[in-house]
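Chain residues, written in single-letter form:
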Amino acid sequence: MANQLLSTVAHRDTLPEGYTRPENDRPQLADVVTDSNIPLIDLASPDKHRVIAEIDQACRTYGFFQIINHGISEELLEKVMAVGLEFFRLPPEEKAKLYSDEPSKKIRLSTSFNVRKETVHNWRDYLRLHCHPLEEFVPDWPSNPETFKEIISTYCREVRLLGLRLLGAISLGLGLEEDYIENVLGEQEQHMAVNYYPRCPEPDLTYGLPKHTDPNALTILLMDPHVSGLQVLKDGAQWIAVDPRPNALVVNLGDQLQAVSNGAYKSVWHRAVVNAARERLSVASFLCPCNSAVIGPADKLIGDGDEPVYRSYTYDEYYKKFWSRNLDQDHCLELFTGQK
Ligand code: OGA
Ligand code: NI
């Protein structure tokens, strides 16, 4: 029901029912460190080999990196953030028109993660959009705010090109042909989540998004430049905060690239925490294999005589499995290990 949206009600000084995590599953914010070593990669560097090597290194270690000079203008990034916030500030009756808790809907405003299944909710509202091909989906996108369609579709177009460029560099970094990954993933779908995390009265007791890995191939995240909240698990043990940098975009690998790389690259656990002082917005763009794409470790990356770490499967099979589970269960890819 649309009245489950967090962004349509005023919040008091304690969490409403259903949002408090059990004691052994809380963010432990005092233990989180800020790690300025999260790789920062300048895509405009004239030394292309170095850029590829830096991306390769980042994918092997952190699974996350920030990019600057990525070609998307500061002005457009600002407009995307502004129109996103404007959307969440629309009156409740406007937002109710788009509300749905059915995960298969291609355009929906929803809350938490999967309200129908989960036992504890997350402190997040989100607008989820399918974005490719644009002509097919844009007509059904929100027409309020008035500039939404134009700004977001321009951004989607640019993000897609950037994502494909990154997939080329990632292929090269793995020692594959530049177009290898793009060919494997087929005509990729592109989805977007505009995440809105309202101010939260008790941020120690809940999450914006609990720990998860992204099920797709590649995620490009535009973060609020003033409020941090994204945290990444380093070496399976230490949560580190990824602080926003002006005009940077955050890139992380999804499960599908971990599979293609035969486990050399990591789709790492990450989460979003919330805070009492400020609301926060993030815009995640997901490049996803087409449903019929057959995903599995690249032959070239399986050592002589070794077995592949993951079996082959279709993305359709993977995605259904992902949405049938809770977000913070074991790594979904663990269910796809074994023979080719
Ligand atoms: C996501 C995600 C992090 C953030 O949408 O998958 O991890 O900071 N978002 O909003
Ligand atoms: Ni994510």
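Source: prediction; values computed, not measured.

## Regarding the nonpolar core
Thought 1: With 89 residues, the main nonpolar core has F65, I170, L218 and V250 as its most contacted residues.
Thought 2: Examining the composition of this core, we find that 11 residues originate from one element, helix α5 (residues 148–173), more than from any other.
Thought 3: The contacts of L218, once residues within four sequence positions are left out, are G163, L166, L167, V251, L253, G254, L257 and L287.

## A few points about the packing of helix α2 (residues 74–88) against α5
Thought 1: Taken N-terminus to C-terminus, the directions of α2 and α5 make an angle of 135 degrees; their axes are 10 Å apart at the nearest point. The orientation of α2 with respect to α5, classified from their angle, is oblique. Between α2 and α5 lies a crossing whose hand is left-handed. Along the contact surface, α2 presents L76, K79, V80, V83 and F87, while α5 presents F148, I151, I152, T154 and Y155.
Thought 2: Residues belonging to the contact of α2 with α5 are distributed by class as follows: eight nonpolar, one polar and one charged.

## Remarks on the packing of helix α1 (residues 48–61) against α5
Thought 1: Packing of α1 against α5 brings their axes to within 9 Å, and their N-to-C directions diverge by 80 degrees. In terms of orientation, α1 and α5 fall into the roughly perpendicular class. Within the contact between the two elements, α1 uses V51, I52, I55, D56 and C59 and α5 uses A169, I170, L172 and G173.
Thought 2: For the contact of α1 with α5, the residue count by class is seven nonpolar, one polar and one charged.

## Digging into the sheet that holds strand β7 (residues 209–212)
Two orientations exist for strands paired in a sheet by backbone hydrogen bonds: parallel and antiparallel.
Thought 1: Strand order in the open sheet made by the five strands is β1-β10-β9-β12-β7, with mixed pairing throughout. If you trace the sheet from one side to the other, it starts and ends with β1 (33–34) and β7, each paired once.

## Overview of the site of ligand 1
Thought 1: Around ligand 1, the neighbouring residues are A193, N195, L209, D214, L221, G229, L230, H270, A272, S282 and A284.
Thought 2: Mapped by element, the contributors of at least two residues to the shell around ligand 1 are β6 (189–197), β12 (270–272) and β13 (280–288).
Thought 3: Within the shell around ligand 1, the residues separate by chemical class into six nonpolar, four polar and one charged.

## Points about the sheet that holds strand β8 (residues 218–223)
Thought 1: With mixed pairing, eight strands are arranged side by side in an open sheet as β2-β3-β11-β8-β13-β6-β5-β4. Here the strands that pair on one side only, and so sit at the sheet edges, are β2 (40–42) and β4 (107–111). When the angles between neighbouring strand axes are averaged without regard to direction, this sheet yields 25 degrees.
Thought 2: Note that β4 and strand β5 (residues 125–130) share five bridges and pair antiparallel. Considered in β5, the bridge of R108 is made with R128.

## Remarks on α2
Three- or four-residue spacings in an α-helix give side chains the same orientation, since the helix completes a turn every 3.6 residues.
Thought 1: Compared with an ideal rise of 1.5 Å per residue, which puts 15 residues at 21 Å, α2 spans 22 Å between its outermost C-alpha atoms and is within 8% of the ideal.
Thought 2: All of the buried residues in α2 are L77, V80, M81, V83, G84, F87 and F88.
Thought 3: Its buried side turned inward, α2 meets β5, α5, β6, β8 and β13.

## Here's the deal with the UniProt feature "domain: Fe2OG dioxygenase" (unreviewed entry) in the chain
Thought 1: UniProt tags residues 188–289 as "domain: Fe2OG dioxygenase" (unreviewed entry).
Thought 2: Note that residues 188–289 is 6% helix and 44% strand, and that its end C-alpha atoms are spaced 5 Å apart.

## Examining the pairing of strand β10 (residues 238–241)
On any regular strand, side chains alternate: one points to one face of the sheet, the next to the other face.
Thought 1: By the bridge criterion, two bridges tie β1 to β10 in an arrangement that is parallel. Bridged to T34 within β10 is A241.
Thought 2: Pairing of strand β9 (residues 230–234) with β10 involves four bridges; the strand directions are antiparallel. Bridge pairing in β10 links K234 to Q238.
Thought 3: Hairpin connection between β9 and β10: a loop of three residues separates the two successive antiparallel strands, and D235 in this loop has a positive phi of roughly 50 degrees.

Basis of the calculations
In this numbering scheme, every chain counts its residues from 1 along its sequence in written order. Written order determines the labels here, with chains lettered from A and ligands numbered from 1. In view of the model being predicted, local features appear only for residues whose pLDDT reaches at least 70, and side-chain atom pairs are presented and counted only at 80 or more, with totals across whole chains, interfaces and linings using the full set of residues. The nonpolar core is taken to be a set of buried Ala, Val, Leu, Ile, Met, Phe, Trp, Tyr and Cys residues joined by way of C-beta atoms within 7 Å. Each residue is classified by how many other C-beta atoms fall within 10 Å of its C-beta atom, where C-beta atoms are placed from the backbone; a count of 20 or more means buried, 12 or fewer means exposed, and values in between mean partly exposed. The secondary structure listing takes helices from DSSP runs of H or I that are at least 4 residues long and strands from runs of E that are at least 2 residues long, numbered from the N terminus. The contact criterion used here is simple: two residues whose C-beta atoms, placed from the backbone, lie within 7 Å are in contact. Angles here are taken between N-to-C directions and fall from 0 to 180 degrees, while the axes themselves are lines fitted to C-alpha atoms, restricted in helices to the stretch in contact. What sets the label is the angle itself: under 35 degrees gives roughly parallel, over 145 gives roughly antiparallel, 65 to 115 gives roughly perpendicular, and the rest give oblique. By definition, any crossing whose near helix is turned counterclockwise from its far helix by less than a right angle is left-handed, and any crossing with a clockwise turn is right-handed. Polar here means any residue other than Ala, Val, Leu, Ile, Met, Phe, Trp, Tyr, Cys and Pro, which are nonpolar, and Asp, Glu, Lys and Arg, which are charged; Gly is therefore polar. Paired strands, in this sense, are two strands between which DSSP finds at least two bridges. Any residue whose C-beta atom, as set from the backbone, lies within 6 Å of a molecule or strand is reported as near that molecule or strand. To estimate how far a helix should extend, the number of its residues minus one is multiplied by 1.5 Å. UniProt positions are given in the numbering used here, feature names are shortened, and annotations may be inferred rather than shown by experiment.

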